[in-house]
Amino acid sequence: MMVDYQPTQQSKVDLRVLKELVRHGENKFVEFKLKTNHPEKIVREMVAFANTDGGKLIVGIGDDKSIKGLKFPDEDEYILQKAIEKYIYPAIDYRLERLIVEGEREVLIYDIQKSPFKPHYVDIDGIAENRRAYVRVADRSVQASKEMREILKGERKGLNIKFNYGEKEQILMKYLAENPTITVDTYASIANIPRKVASRTLIVLVLANVIKVQPHEVQDFFVAA
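Bear in mind the structure is a predicted one, so any value in this text is a computation, not a measurement.

## Notes on the packing of helix α5 (residues 167-178) against helix α7 (residues 195-207)
Inference 1: It is at 11 Å that the axes of α5 and α7 come closest, and there the two elements cross at 70°. Classified by the angle between their axes, α5 and α7 sit roughly perpendicular to one another. Side by side, α5 and α7 meet where Lys 168, Glu 169 and Leu 172 of the first sit next to Val 197, Thr 201, Leu 202 and Leu 205 of the second.
Inference 2: Partitioned by chemical class, the residues of the contact of α5 with α7 number four nonpolar, one polar and two charged.

In structure tokens, the structure reads:
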């Protein structure tokens, strides 16, 4: 079984560590970008790290894992700094390192911390209804569902969740005893309850550590804890 390589978040990155990160490739904790083109898309990765377990975004790495570096790193840093300030809401906690590689080029290493103030959003047009939250799943950043956003809010608040173990909860746990996963729509169907009720029940049970959520870009899956 492949395990995601998780770099030590607080350690400085030297050339040896950088090569090790690149060798392991992208995963839940590491994302590569060649340049700062389309910074409004790059900030999605930063938001996803902040909303999940933190990680490193490294700019100056090719898709073929080549350490190309940046010829004008000051410009790239400025572009991303402005994008972070403009498009991320609320602000995230990160640290930037610059590392000289071959040919006096540099890579930018953004160390994004897991946030206690999640969910964070990408806010492109300044309209609250259009904000999008993202979470990190394996080596990708996917848009957070309504359920995932509510789970992030609940984790932030550190709520002491209590719930009644009634008929609909029994139906859910019986299903998960016989099947590996369930979705909101499937749960609503088998329990014969409105989707809104199914959604809220799953959110509460995740926050109570009875079940776990597996975010997905199409639909989330819920599994027994």
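## Re helix α1 (residues 15-24)
Inference 1: Here α1 has its buried residues at Val 17, Leu 18, Leu 21 and Val 22. Taken down its axis, α1 places every buried residue within 135° of arc, on the same side. Summarising the geometry of α1, the exposed residues directed more than 90 degrees from the buried face are Arg 16 and Arg 23.
Inference 2: Looking at the buried positions of α1, the neighbouring elements they touch are β1 (30-33), β2 (55-59), β4 (94-100) and β5 (106-112).
Inference 3: With its phi angle positive at about 80°, Gly 25 sits one or two positions after the end of α1.

## Description of a negative patch on the surface
Inference 1: Taken together, the side chains of Glu 26, Asp 63, Asp 64 and Asp 139 present a region of like negative charge at the surface.
Inference 2: Position of Asp 63 among the secondary structure elements: in the loop between β2 and α3 (73-87).

Parameters and conventions
- Throughout, residues of each chain are indexed from 1 in the direction in which the sequence is written.
- With the structure being a predicted model, the display of local features is reserved for residues of pLDDT at least 70 and the display and counting of side-chain atom pairs for 80 or more, all residues being used for whole-chain, interface and lining totals.
- Where side-chain values are given, they derive from all heavy atoms of the structure, hydrogens and water being excluded.
- Between N-to-C directions, angles cover 0 to 180 degrees, with each direction set by a line fitted to C-alpha atoms, over the stretch in contact for helices.
- The way it works is that DSSP assigns letters per residue, a run of H or I at least four long becomes a helix, a run of E at least two long becomes a strand, and they are numbered from the N terminus.
- Put simply, angles under 35 degrees are roughly parallel, angles over 145 are roughly antiparallel, angles from 65 to 115 are roughly perpendicular, and the rest are oblique.
- Any two residues whose heavy atoms approach within 4.5 Å are treated as being in contact.
- Three classes are used, and their members are as follows: Ala, Val, Leu, Ile, Met, Phe, Trp, Tyr, Cys and Pro are nonpolar, Asp, Glu, Lys and Arg are charged, and the others, Gly among them, are polar.
- The classification of residues rests on relative accessible area computed with a 1.4 Å probe and restricted to protein chains. Under 20% of the type maximum is buried, over 50% is exposed, and intermediate values are partly exposed.
- Working note: the arc is built from the helix axis to C-beta atom directions.
- Only residues whose relative accessible area exceeds 30% and that form no salt bridge enter a patch; like-charged residues are grouped when within 9 Å of one another, and nonpolar side chains (Val, Leu, Ile, Met, Phe, Trp, Tyr) when within 5 Å.
- Each accessible area is a Shrake-Rupley estimate made with a 1.4 Å probe; only the visible protein chains count as cover when residues are assessed.
- By definition, a salt bridge exists where a carboxyl oxygen of Asp or Glu is found within 4 Å of a side-chain nitrogen of Lys or Arg.
- For this count, His and the chain ends are skipped, Lys and Arg are scored as positive, and Asp and Glu as negative.
- We put the charge of a Lys on NZ, of an Arg on CZ, of an Asp on CG and of a Glu on CD.

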